[in-house]
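Next come the chains, spelled out residue by residue.
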Amino acid sequence: MTATALYIIPILAILILAHELGHFLAARLFGIRVLEFGIGLPPRIIGIKRGDVLYSINLIPIGGFVRVVGEDSRSLEPGSLQTKSRLQRAAFFAAGAFMNLLLAIVLMTALVSAQGEPELRVYVAEVAPDSPAAQAGWQPGDRFIEVASRPVESVEQLLEITDQHAGRPMPVTLLRAGQTVETVVVPRRDPPPGQGRTGIRVTEAARARISVAEVEALSPAQAAGLEPGDELRRVGDYQIEDAAIYWLALEHYAGTTVPVTIVRDGQEMTVEMAVPVEVPAESQIHAGLLIRQDIFSRPVPWWEVPLRGVEQTFATLLMMFQALGMLLRGEASLSGIAGPIGMGQLTSEILAISPEPIWITLVNLTVLLSLNLAVLNLIPFPALDGGRLLFVLIEAIRGRRIAPEKEGLVHLIGFVLLLTFMFVIAFVDIGRLISGEPLIR
């Protein structure tokens, strides 16, 4: 881990400040009296009082809090949380997550404005035997150009058009080895489980310049004469225009020796590289070769920038929910969970491999972490905002409140459990650093 890991400190400070500012502004809006606005968790290092509010910086650099009158007591004095309606209390508890979502939207909008949007390509990654796609002659590596006379720019668009044509012929134009291929497929109304209407697995990637980032010693890539900085133009019959087609080409030629066309110092040349049988997941080193992506972006008209910022934020949020679902179903490993120390390691590793300018990479990371903070805080666990929202919901169902002292005790227990979990994660993070184990594999 390098000094770039320290970038996580201001990022987390901004996220926590935004989250607690959401609670603070909601309290002001609903007339709830704020006692303390704290960054970090007690014990307190320093506190400055302005008006009736104590602004504090605390020792444990994890999280933050806004302490208000009546949060865990029966206090009915003016400005107490207990005197507010269920809707106002729910809005107060949800305001932190809302502010993190808003921050992510603002930052994503700024990114769209600054760098435009990537040109996505959608590919056939796998074809099931005896499926409509197999009958139409589709092959792994085929790129979708048009479906039902409509250009295809995302997986979501492809699925939408395919659903609209269930049970009837659908013309599809593919690009294969630089040549267009006209096909007709009939999407199934009731496909077998796990196959989809046409029986394919798809993948997408942004158009990019693919080059060699690293070459391992004594590897097939080194034996082929590849060097860092070489631009990959072609692998066998596959023209390399993005990361997806690069990996599909390796899968296709696994276990063989394939010609690889590169550009070095402005000169095009072809080398022979042996492709190992086992092709790992994307982004990993294969054949001793680690690739670098320089993604091409197209400008977005200024009037479309806010909408694209919102769209990309919610697309990222959807992927997070899908990943969380995989985690809950046991389809993803818990080894990727990290605390602040691990986040520092992750920041260092991302910056080491990212082809983007540092500020763009850090803003992207801030967006991701801000959405993570919003989602995690809404989990209905005691001491989290989601846990407090759950008590408001229970109150609405029962028609009467749970005693604040009892609710406060539940949240105290939850806080202790969360703090214990954070310390365990911290020890795991430290152990990972000592062993040299990367977070990005």
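In this report, we go over the structure that sits alongside the text. Please read all numbers here as calculations on a predicted model, not as lab measurements. (Residues numbered from 1 in each chain as written. Predicted model: local features only at pLDDT ≥ 70, side-chain atom pairs only at ≥ 80, totals over all residues. Heavy atoms only, no water.)

Further remarks concern the overall build of the chain. If you tally the helices and strands in the chain, you get 11 helices and 16 strands. Overall size of the chain, expressed as C-alpha extent along the three principal axes, is 75 × 55 × 40 Å. Taking all 441 residues of the chain together, the buried fraction comes to 43%. A separation of at least 24 residues holds for 63% of the contacts in the chain among residues at least 6 apart in sequence. When the accessible surface of the chain is summed, it comes to about 23000 Å², and 63% of that surface belongs to carbon and sulfur atoms. (Helix = DSSP H or I, 4+ residues; strand = E, 2+ residues; numbered from the N terminus. Buried < 20%, exposed > 50% of the residue type's maximum accessible area, 1.4 Å probe, protein only. Contact = heavy atoms within 4.5 Å. Areas by Shrake-Rupley, 256 points an atom, 1.4 Å probe, with all protein chains shown as cover.)

Applying the stated criterion across every chain, the model contains eight aromatic pairs. Measuring from ring centre to ring centre gives 5.4 Å for Trp138 and Phe144, while their planes differ by 85 degrees; the resulting arrangement is edge-to-face. Given a relative accessible area of 5%, Trp138 falls into the buried group. With a relative accessible area of 2%, Phe144 lands in the buried category. (Phe/Tyr/Trp six-rings, centres within 6.5 Å; stacked < 30°, edge-to-face > 60°.)

Okay, the nonpolar core next. Ranked by size, the top nonpolar core spans 31 residues in total, and within it Leu232 and Met273 carry the most contacts. Those elements that place two or more of their residues in this core are β4 (120-127), β10 (208-215), β11 (231-235), α6 (243-252), β13 (257-264), β14 (267-274) and β15 (289-295). With eight residues, the top contributor of residues to this core is α6. Not counting residues up to four positions away in its chain, the partners in contact with Met273 are Pro220, Ala221, Ala224, Leu226, Leu250, Thr256, Thr257, Val258, Val260 and Ala287. Membership of the second largest hydrophobic core comes to 22 residues, among which are Met99, Leu362, Leu371 and Val375. (Core = buried A, V, L, I, M, F, W, Y, C linked by side-chain atoms within 4.5 Å.)

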